[in-house]
Amino acid sequence: MSTLRWPRLFAYGGLGMPLAVLGLPLYVFLPAHYAEHTGLGVTLVGVFLLLARLLDVVTDPLIGHLSDRIPGAWRRRAVMLAGVPLLLIAAPFLFRPPADAGAWYLLIFSTLVYLGWTLVALPYAAWGAELSGDYHERSRITATREGFVVLGTTAAALPAVLGLQDDAGAALATLAVLLWVLLPIAFVVLLWRVPERPGRLAPVPWRAGWTLLRSNQPFRRLVLAWVLNGTANAIPATLFLLFITHVLEAPGHAGPLLLVYFATGILALPLWLRLARRLPKHRVWTLSMLLASTFFIWVPFLGSGDVLAFYAITVLTGLSLGVDLALPAAMQADVIDQDTADGGGERAGLFFGLWGMATKLALALAVGISFPLLGLAGFSADGDNGPTALLVLALAYAGLPVLFKLAAMALIWRFPIDADAQHALRERIHARERAAPSAQPGGTTP
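Please read all numbers here as calculations on a predicted model, not as lab measurements. (Residues numbered from 1 in each chain as written. Predicted model: local features only at pLDDT ≥ 70, side-chain atom pairs only at ≥ 80, totals over all residues. Heavy atoms only, no water.)

Draft legend 1. Looking closely at the overall build of the protein. When its secondary structure is counted, the protein shows 18 helices and zero strands. For 446 residues, the compact-globule estimate of 2.2 N^0.38 gives 22 Å, and the C-alpha radius of gyration of the protein, at 22 Å, lies within 12% of that figure. Projected onto the principal axes, the alpha-carbon positions of the protein cover approximately 70 × 50 × 40 Å. Taking the contacts inside the protein whose residues are at least 6 apart along the sequence as the reference set, 85% of them involve residues at least 24 apart. Within the structure as shown, the protein displays about 18,800 Å² of accessible surface, and the carbon and sulfur contribution to it stands at 70%. Positive and negative side-chain charges of the protein, numbering 31 and 26 respectively, have mean locations separated by a distance of 12 Å. (Helix = DSSP H or I, 4+ residues; strand = E, 2+ residues; numbered from the N terminus. Rg over C-alpha atoms; globule rule 2.2 N^0.38 Å. Contact = heavy atoms within 4.5 Å. Areas by Shrake-Rupley, 256 points an atom, 1.4 Å probe, with all protein chains shown as cover. Lys, Arg positive; Asp, Glu negative; His and termini not counted. Charge placed at Lys NZ, Arg CZ, Asp CG, Glu CD.)

As structure tokens, this is what we get:
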């Protein structure tokens, strides 16, 4: 199997940066800005953002399925070409609302931004899964993409570093400009430098495809581990500012801590990739989760002023950040091989749509579990909190994620697809391709 050169890898991975820049504002800055400066209030903002997100969840498998069915060598690019302009038009309206913006304004433009993001991100991920059929090469592809995602998240954290975290409007305006600069450049480079191959095996109809999906044991195991680990990652992301402010009492360190965390994840990623050449991907991912859990479990023992200790834990847990994003994504491509070998055709778009739904479920679980626990403990984000409330915050921030990661580790340690198994799947796929009368999606397979 040929190795992709680094210029082509960077051309593919670069789009991850603006997509990541778009992600952080929607969760950190946007709700606060609309609640405080448009007069909608926290409850109404939350309800309408939830409605927009529910619509977004429904579109994930539909858009993935659509990109699988488009004939020719523009299956993924055609869908992305619809999404990029939509994002560039809708995001500035959402990020910089007029003073009289109402609830419907928020619902319409948040829905359009979510839709645009899905139109770009889902076929983009499916495209990456199809760039190579090699077990190890897929790790390089996803590591490059996720490395740019971490870079983009770092760029999105710049408002916090610049002291704009208390001015959500200024932060959103800054990130809107950043999105307008990065997204067109990255997308043009992607179209110019990265080829897309036409489909070789037509996707099966929905009913037969659903039967294959239910019987795909590696998919069931990976998607459950994906939700568990995603919840483990989303809980501390959701509670980070609360923990820094109320337990460590060092809110001024939020930006630098984020930069240290992201930088460590990027720097450590090549070392993890080298290890993944010697061990199966699922074992390396499990080891990375174990490493992160071993250090993160000490966080509840920290208190006011323990900033240096938290910096040390941030560095040690940050070592696992990049690999925690890259290797599961590479394993997703291997799971799709199982479906293709079993006769499902080429359905990478559908699979990544289902993983998109799983990702959003993990985000919802993080909020739905952590905030009710804080409420039961009597925690208040605005007022003084007693020792019990602060302990519950610390345990929710660091204890719950470790439990979720342990469950994910138990599922993944004996994952059935290693390099040899994946090679056998590719041989079965090649046999189907040789026997297929047509390479066009939407046709029929024997």
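Draft legend 2. Summary view of the packing of aromatic side chains. One pass over the structure, following the stated rule, counts 15 aromatic pairs. With 4.7 Å between their ring centres and 50 degrees between their planes, Y105 and F109 make a pair best called tilted. Pair noted here: Y105 and F109 are both in helix α6 (residues 103–129), with a separation of four residues, about one helical turn. When sorted by exposure, Y105 lands in the same class as F109, which is buried. Considering the side-chain rings of F243 and Y397, the 4.5 Å spacing of their centres and the 10 degrees angle between planes classify their relative orientation as stacked. Residue F243 is located in helix α11 (residues 217–246), and its partner Y397 is located in helix α17 (residues 387–412); the two are separated by 154 residues in the primary sequence. Note on accessibility: F243 and Y397 belong to one class, buried. Members of the aromatic cluster, connected to one another through ring pairs, are F219, F351, F352 and W355. One cation-aromatic arrangement involves R77 over W74; the distance from NZ or CZ to the ring centre is 4.0 Å. In this structure, R140 is placed above the aromatic ring of W6, and the distance from its NZ or CZ to the ring centre is 4.4 Å. (Phe/Tyr/Trp six-rings, centres within 6.5 Å; stacked < 30°, edge-to-face > 60°. Buried < 20%, exposed > 50% of the residue type's maximum accessible area, 1.4 Å probe, protein only. Lys NZ or Arg CZ within 6 Å of the ring centre and 35° of its normal.)

Draft legend 3. Highlighting the packing of α11 against helix α12 (residues 254–276). Closest axis-to-axis distance for the α11/α12 pair is 11 Å, and the angle between their directions is 130 degrees. The angle between α11 and α12 places the two elements in the oblique class. Considering how the two elements wind past one another, α11 and α12 form a crossing that is right-handed. Along the contact surface, α11 presents F240, L241 and I244, while α12 presents A254, L257 and L258. (Axes fitted to C-alpha atoms, helices over the stretch in contact; angles between N-to-C directions. Parallel < 35°, antiparallel > 145°, perpendicular 65-115°, else oblique. Left-handed = near helix turned anticlockwise from the far one by under 90°.)

Draft legend 4. The arrangement of the layout of surface pockets in detail. In this structure, the second largest pocket spans a volume of roughly 450 Å³. The wall of the second largest pocket is formed by 26 residues, among which E130, L131, S132, G133 and R197 lie closest to the centre. Within the residue set of the lining of the second largest pocket, elements represented by two or more residues are α6, α15 (321–344) and α18 (419–435). A class-by-class count of the residues in the lining of the second largest pocket yields ten nonpolar, five polar and eleven charged. (1 Å grid on protein atoms, 1.4 Å probe; cavity = no way out; pocket = protein on both sides within 12 Å on 5 of 7 lines; lining within 4 Å. Points joined across faces, edges and corners; volume = space filled by probe spheres on them. Nonpolar A, V, L, I, M, F, W, Y, C, P; charged D, E, K, R; others polar.)

Draft legend 5. Broad picture of the pattern of salt bridges. Applying the stated criterion across every chain yields a total of 17 salt bridges. Between E433 and R200 there is a salt bridge, with its nearest N and O atoms 3.8 Å apart. Highlighted residues: E433 in helix α18 and R200 in the loop between α9 (168–193) and α10 (206–215), separated in sequence by 233 residues. A salt bridge links R426 to D337, with the shortest nitrogen-to-oxygen separation between them at 2.9 Å. With R426 in helix α18 and D337 in helix α15, the pair connects residues that are 89 residues apart, well separated along the chain. Overall, the relative accessible area of 4% leaves D337 in the buried class. What emerges from the salt-bridge pattern is a single network uniting D68, R75, R76, E130, R197 and E346. (Salt bridge = Lys/Arg side-chain N within 4 Å of Asp/Glu carboxyl O.)

Draft legend 6. Region of interest: helix α13 (residues 281–296). Here α13 is 16 residues long and its end C-alpha atoms lie 23 Å apart, about the 22 Å a rise of 1.5 Å per residue gives. Those residues of α13 that sit buried are K281, H282, V284, W285, T286, S288, M289, A292, S293 and F296. Close packing links the buried residues of α13 with α7 (135–156), α11, α12, α14 (307–318), α15 and α17. (Expected span 1.5 Å × (residues − 1).)

Draft legend 7. The arrangement of the nonpolar core in detail. If you look at the biggest cluster of nonpolar residues, it comprises 75 residues, and the most contacted ones within it are F243, F310, F352, W355 and Y397. A per-element tally of this core places α11 first, with 14 residues. If sequence neighbours within four positions are ignored, Y397 has contacts with I235, P236, L239, F240, F243, F296, V299 and F310. (Core = buried A, V, L, I, M, F, W, Y, C linked by side-chain atoms within 4.5 Å.)

Draft legend 8. Region of the structure containing unusual backbone geometry. At E249, a residue that is not glycine, the phi angle is positive and equals roughly 55 degrees. You can see E249 is positioned in the loop between α11 and α12.

Draft legend 9. Quick look at the side chain of R77. In this fold, R77 is placed in helix α5 (residues 75–95). By relative accessible area, R77 is classed as buried at 8%. Not counting residues up to four positions away in its chain, the partners in contact with R77 are W127, L191, V194 and E196.

Draft legend 10. Structural view of the environment of M289. Take M289: it is sitting in helix α13. Residue class for M289 comes out buried when judged on its relative accessible area of 1%. M289 sits 35 residues away from D324 along the chain, and the two C-alpha atoms are 7.3 Å apart. Among all residues touching M289, those that are not within four sequence positions of it are N229, D324, K405, A408 and M409.

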